[in-house]
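Spelled out from the first residue to the last, the chains are:
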Number of protein chains: 2
Amino acid sequence: MDGFSVRVEEALRKRETIVFSADCEVAYSGRAEAFLPRGDRLFIIKRDGTLLVHQPTGSNPINYMKEGCAITLDKTDDGLFLRCRHQGKREWIDARLFAVHFIHTQDLFDSERQLLGGSERDMSDMLFANPSMIEPGFVPLSREEHTRFGFIDVFGTDAQGTLTVVECKRCAAGHNAVQQLARYVSRIREAKGVGTVRGIIAAPRISAAARKHLDELGFGFVAVEPPKRLERYKRDQTSIGDF
Amino acid sequence: MDGFSVRVEEALRKRETIVFSADCEVAYSGRAEAFLPRGDRLFIIKRDGTLLVHQPTGSNPINYMKEGCAITLDKTDDGLFLRCRHQGKREWIDARLFAVHFIHTQDLFDSERQLLGGSERDMSDMLFANPSMIEPGFVPLSREEHTRFGFIDVFGTDAQGTLTVVECKRCAAGHNAVQQLARYVSRIREAKGVGTVRGIIAAPRISAAARKHLDELGFGFVAVEPPKRLERYKRDQTSIGDF
DNA sequence: GGGGAGAGATGCCGC
DNA sequence: GCGGCATTTCTCCCC
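Residues numbered from 1 in each chain as written. Chains lettered and ligands numbered in written order. Predicted model: local features only at pLDDT ≥ 70, side-chain atom pairs only at ≥ 80, totals over all residues. Heavy atoms only, no water.

A. Representation of the interface of chain B and chain A. On the side of chain A, 70 residues touch chain B, which itself brings 70 residues to the contact. When the two sides are added together, the surface that chain B and chain A hide from each other amounts to roughly 6,300 Å², 55% of it contributed by carbon and sulfur. Our count for the contact surface shared by chain B and chain A stands at two salt bridges. Put simply, Arg41(B) and Asp110(A) hold a salt bridge, and the shortest N to O gap is 2.8 Å. At the junction of chain B with chain A, the criterion picks out 31 residue pairs in polar contact (both at pLDDT 80 or more). Broken down by secondary-structure element, the contributors of at least two residues to the side of chain B that touches chain A are strand 1 (17-29), strand 2 (33-45), strand 3 (51-54), strand 7 (91-106), strand 8 (115-117), helix 3 (175-192) and helix 5 (230-236) of chain B. It is strand 2 of chain B that contributes the most residues to the side of chain B that touches chain A, 11 residues altogether. Considering only residue class, the side of chain B that touches chain A consists of 24 nonpolar, 23 polar and 23 charged. (Contact = heavy atoms within 4.5 Å. Buried area = accessible area lost by both parts, 1.4 Å probe. Salt bridge = Lys/Arg side-chain N within 4 Å of Asp/Glu carboxyl O. Polar contact = N/O pair within 3.5 Å; in protein donor to acceptor, adjacent residues only side chain to side chain. Helix = DSSP H or I, 4+ residues; strand = E, 2+ residues; numbered from the N terminus. Nonpolar A, V, L, I, M, F, W, Y, C, P; charged D, E, K, R; others polar.)

B. Inspection of the packing of aromatic side chains at higher detail. All names here are of chain A. Overall, the coordinates contain four aromatic pairs over all chains when judged by the stated rule. For the ring pair Phe 4 and Phe 20, a centre distance of 5.0 Å and an interplane angle of 75 degrees mean the geometry is edge-to-face. You can see Phe 4 sitting in helix 1 (residues 2-14) and its partner Phe 20 sitting in strand 1 (residues 17-29), a full 16 residues away along the chain. With respect to burial, Phe 4 and Phe 20 carry one shared label: buried. Between the aromatic rings of Phe 20 and Phe 43, the centroid separation amounts to 4.7 Å while the plane-to-plane angle is 5 degrees, which identifies the pairing as stacked. On the criterion of sequence distance, the pair formed by Phe 20 in strand 1 and Phe 43 in strand 2 (residues 33-45) is long-range, its members being 23 residues apart. With a relative accessible area of 0%, Phe 20 lands in the buried category. Directly above the ring of Phe 81 sits Arg 83, whose terminal nitrogen or CZ lies 4.7 Å from the centroid. A cation over an aromatic ring shows up here: Arg 143 above the ring of Phe 128, its NZ or CZ 4.9 Å from the ring centre. (Phe/Tyr/Trp six-rings, centres within 6.5 Å; stacked < 30°, edge-to-face > 60°. Buried < 20%, exposed > 50% of the residue type's maximum accessible area, 1.4 Å probe, protein only. Lys NZ or Arg CZ within 6 Å of the ring centre and 35° of its normal.)

What follows is the structure, encoded as structure tokens:
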């Protein structure tokens, strides 16, 4: 147990990644309040002051503290505590460690960022470059624009020259998408003094309730799948093998 | 490296928790597409078929697969690959492992669930029990109710007997909160044929834009902090020490 | 299983 | 810093 303290404190000083498992109980206070009774968990401490506590199942940490928390070990008469404080956010986690099963500390070298495709951004790029996917005669004017009316994915004119707002969703559109679209359209109507501004949702699909709402407002829906532009890139990566 | 394969395969068979770090590159395809170039990462595999890939900084996994994926090791002429397939979701992750730095496998015992307080649910419970926090004369009729109008946090009558919908937010209220409230109020007006249904947002604060929208619709705002009911509970827990 | 809404949401960007 | 909005959101609950 003492060897554990020494290793943790040395690794914290060297800003190494720390992984250990322990029989423990955990308390959290901050934006909410939580208490986790005794059991075995996996702890991860990163050099940026991130703390993760994982149970043996589930993809999300049962407790966590974001980058920038101060972590200390506190050996008291009541036992050994791992204390984690986030001064800026007035949050803290205390874990009482009844027994430590294993520990590993290591310096990890990684300067890479992940390349990501198929996002809503990629989708609006695709529609901007291929406006006929929205409808024949559509002329895009701008995309991904932070206007004073809000953040509009694609903005343009239809075959009749009518101003048209396109709201993209990379997955099924719901109420939120309809309400966002309605907000943009009504603000542009007001601001431009134009009675006829069209609204279109572009998404792989739309929920029945949202579709009903959309129809009532006189807006349109276009079925569009998000692009997967990385597929070719990855096929060209011989290093990652065959897919 | 061969010892690594043996340990992983034995741990997968025994459904133990597996932790290892490796110099690797990672590809993902599913809801989106991603590629992560070579670097050191920490891998966690849980007995329920969860895979997490962590970089040395940041609180979120850079790659992950939820519960239920099939994990295999594949030794090819191109090198060693960790392959993770999620048949139901048509998602996969392939990690090419250039070098493994350490590995630990262990069976973890944990049957506990976390007790949580300070949620929106706790907030509406508090307002239901203390209706004067909304306004004098407010009489609550229901809370957290799934009605055919939607999910209404607190529903009741004001001092004049007017039907009133209260929408709770545990943090700052924004546009969504105003739109939710407007939707509930208009549906109840329609359904009951009542012209006068009031709407109130109860939250710690409200954004300026949302407040403007709220005022235009004739709705009200009440500043309320979410309760922290676990504080006393945890103070009573002598086992977790002194706060 | 789909839809709707909350979450200790998180993260990003723009003002 | 706040605000708005996407997210491989995740999670729960109800229909």
